[in-house]
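Overview (structure and organization)
Listed below are the residues making up each chain.
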Amino acid sequence: MSQGILQDFNNFQFEEDLLNWYYENKRDLPWRRSHDPYKVWVSEIMLQQTKVDTVIPYFHRFMERFPTVYDLAKAEEQDVLKAWEGLGYYSRAKNLQAAVKEVVATYNGKVPDDAKELESLKGVGPYTKGAILSIAYNQPVPAVDGNVMRVFSRVLKIEDDIALAKSKKQMEKYLEELISKDDPSSYNQAIMDLGATICTPKSPACLVCPVAEHCRAFQDGVQEVLPIKSKAKKQKKLQYIALLVKNEKDEFLIEKRPNTGLLADLWQFPMIEVVSKEIDIESEFLKQYGLTVRNQQKKGDLKHVFSHLIWELEIHEVETEEKTVTAPRLRFVKKNDLKTYPFPVSHQNMMKFI
DNA sequence: AAGACGGGGTC
DNA sequence: GACCCAGTCTT
């Protein structure tokens with residue numbers, strides 16, 4: 001047993017109380033119906049920074065569309081992005097498919113049960129590695145996410161800033177010791193359920209918590225103070241003119257975004273960044289897109305908030321006499337065909353102005 | 001260590 | 001508005 005913070009912590013009783021609670025109260029979630037490593041993997045990627053309720057319908061559709069690693073490996077990337085449309089953090093989808101291709105090519109289609117192999121896969125970090133190893137393969141490996149940081153900041157009364165990388169590393173060290181060696185799969189999932197339903201960020205339900213008697217924060221009445229987390233910086237504001245460019249065939253001009261960075265490889269309506277007060281939209285559009293447009297008409301405003309920036313879009317409709325475009329990332333598309341392309345939510349909202 | 005990377009829900 | 005969410009990658 002280590003000196004320090006784990007000293008005097010009754011882990012034997014904590015584990016028993018936690019697991020007994022979990023066996024009686026675990027949530028019935030779609031990805032818990034099997035221990036198929038591929039399903040565990042997909043669910044864990046989708047659940048990154050994303051609530052369970054949001055993920056459930058996406059998970060069902062994704063599994064129907066790509067039931068096995070082989071189906072996902074051979075899919076068109078655009079189809080994968082379309083299945084991910086609206087879920088956000090789209091590099092997750094691209095990395096997942098790249099990693100699945102690697103699993104098919106290198107591991108004969110079997111999701112690795114080895115830590116080194118797993119963490120070499122794109123999009124698989126310390127958390128996802130631990131989740132797959134524990135949930136799918138029942139190995140006693142920690143999976144430290146926001147829930148775990150919060151629950152154990154309170155249980156062990158840790159007052160370090162959980163936004164710092166070293167705090168998470170330290171927590172992984174503690175959990176290597178604490179994690180159940182009898183049922184690591186249930187242990188990790190129990191902490192997540194506890195964090196999601198009882199040990200919540202605000203107003204934790206300590207009076208019905210199965211491990212309240214082991215919780216140092218509760219004993220000292222500081223459960224509402226922990227965990228300590230430094231503030232996020234506020235978003236940068238960006239202003240754009242977003243254009244519904246319609247030709248005489250009633251088609252709209254769309255463009256594919258660059259293959260890296262924000263919303264990579266998703267489609268959008270053309271946008272012109274508003275740098276100065278007085279910009280001439282028609283000449284600026286000709287300069288950036290090479291098309292002549294006319295009869296500009298303002299349709300409305302749209303605001304879209306990302307985690308790190310804010311888009312303020314001024315929606316305009318214009319007409320063009322062009323019927324074709326040669327640039328590969330530009331395309332004229334009928335209104336009814338727009339739904340076949342993956343769009344960010346901000347530009348799905350633009351379609352309401354059509 | 002800090003920033004990039006989505007979107008939705010809550011208070 | 002601020003905060004949070006079953007994080008990872010890049011700089």
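Residues numbered from 1 in each chain as written. Chains lettered and ligands numbered in written order. Predicted model: local features only at pLDDT ≥ 70, side-chain atom pairs only at ≥ 80, totals over all residues. Heavy atoms only, no water.

**Focus: the overall build of chain A**
Scanning chain A for helices and strands turns up 14 helices and 7 strands. Dimensions of chain A, computed from C-alpha atoms along their principal axes, come out at roughly 75 × 50 × 30 Å. By residue count, 50% of the 354 residues in chain A fall in the buried class. Taking all contacts inside chain A whose residues are at least 6 apart in sequence as the whole, residues at least 24 apart take part in 68%. As displayed, chain A offers around 18,400 Å² of accessible surface, 49% of which is attributable to carbon and sulfur atoms. (Helix = DSSP H or I, 4+ residues; strand = E, 2+ residues; numbered from the N terminus. Buried < 20%, exposed > 50% of the residue type's maximum accessible area, 1.4 Å probe, protein only. Contact = heavy atoms within 4.5 Å. Areas by Shrake-Rupley, 256 points an atom, 1.4 Å probe, with all protein chains shown as cover.)

**Concerning the protein's contact with DNA strand C**
Close contacts around DNA strand C come from 26 residues, with Gly123, Thr128, Asp145, Asn147 and Arg150 the closest. The sugar-phosphate portion of DNA strand C accounts for 69% of its atoms within 4 Å of the protein, the bases making up the rest. Aspartate 145 places a polar side-chain atom, nitrogen or oxygen, 2.4 Å from a sugar or linking oxygen of DNA strand C. In this structure, glycine 146 approaches DNA strand C through a main-chain N or O atom, which is 3.1 Å from a phosphate oxygen. Secondary-structure elements contributing two or more residues to the surface near DNA strand C are α8 (126-136) and α9 (146-155). (Near = heavy atom within 4 Å. Polar contact = N/O pair within 3.5 Å; in protein donor to acceptor, adjacent residues only side chain to side chain.)

**As for the pattern of salt bridges**
Within this structure, the stated rule accounts for 24 salt bridges. Between glutamate 251 and lysine 249 there is a salt bridge, and its shortest N-O distance comes to 3.9 Å. What makes glutamate 251 buried here is its relative accessible area of 9%. Judged by relative accessible area, lysine 249 falls into the partly exposed class, the value being 42%. Between lysine 299 and glutamate 317 there is a salt bridge whose closest N-O contact spans 3.9 Å. Of this pair, lysine 299 sits in strand β5 (residues 293-305) while glutamate 317 sits in strand β6 (residues 309-320), and the two are 18 residues apart along the sequence. One network of salt bridges, in which partners are shared, links Glu77, Lys94, Asp265 and Arg329. (Salt bridge = Lys/Arg side-chain N within 4 Å of Asp/Glu carboxyl O.)

**Concerning the protein's contact with DNA strand B**
The full set close to DNA strand B counts 19 residues, and Tyr89, Lys233, Leu262, Leu263 and His304 are the nearest of them. Of all atoms in DNA strand B that approach within 4 Å of the protein, 62% are sugar or phosphate atoms. Here a phosphate oxygen of DNA strand B and a side-chain polar atom of histidine 304 are 2.8 Å apart.

**Focus: the UniProt feature "domain: HhH-GPD" (unreviewed entry) in chain A**
Feature annotation in UniProt places "domain: HhH-GPD" (unreviewed entry) on residues 46-197, given in this structure's numbering. Counted over residues 46-197, helix gives 64% and strand 0%. Its end C-alpha atoms are 19 Å apart. (UniProt positions renumbered as here; feature names shortened; annotations may be inferred.)

**Notes on the domain arrangement of chain A**
On domain assignment, one finds that chain A holds domain 1 (11-219) and domain 2 (236-353). On a C-alpha basis, the centroid separation for the pair domain 1 and domain 2 is 37 Å. Contacts between the two partners involve 9 residues from domain 1 and, on the opposite side, 15 residues from domain 2. Here domain 1 and domain 2 share an interface that buries about 840 Å² over both sides, 50% of which is from carbon and sulfur atoms. Scanning the region where domain 1 abuts domain 2 turns up 1 salt bridge. Here lysine 94 and aspartate 265 are joined by a salt bridge, their closest N and O atoms 2.6 Å apart. If you look at where domain 1 meets domain 2, you find 7 residue pairs in polar contact (both at pLDDT 80 or more). Examining the composition of the side of domain 1 that touches domain 2, we find that 4 residues originate from one element, helix α5 (residues 77-84), more than from any other. In terms of residue class, the side of domain 1 that touches domain 2 is built from 3 nonpolar, 2 polar and 4 charged. (Domains from an automatic or database assignment. Buried area = accessible area lost by both parts, 1.4 Å probe. Nonpolar A, V, L, I, M, F, W, Y, C, P; charged D, E, K, R; others polar.)

**Focus on the environment of serine 153**
Here serine 153 is to be found in helix α9. Sequence-wise, serine 153 and methionine 46 are 107 residues apart; in three dimensions their C-alpha atoms are separated by 25 Å. Excluding its chain neighbours within four sequence positions, the residues that come into contact with serine 153 are Val148, Ile158, Ile162, Met171, Leu226 and Pro227.

**Re unusual backbone geometry**
The omega angle of the peptide bond from leucine 226 to proline 227 is 0 degrees, so this bond is cis rather than trans. By the element assignment, proline 227 lies in the loop between α12 (216-219) and β1 (236-246). Backbone geometry at asparagine 108 places phi at a positive 60 degrees, although glycine is not the residue there. As for its placement among the helices and strands, asparagine 108 is situated in the loop between α6 (91-106) and α7 (115-119). Accessibility expressed as a relative area gives 67% for asparagine 108, which makes it exposed. A positive phi is found at serine 203, a non-glycine position, where the angle reads about 50 degrees. Among the structural elements, serine 203 can be located in the loop between α11 (184-197) and α12.

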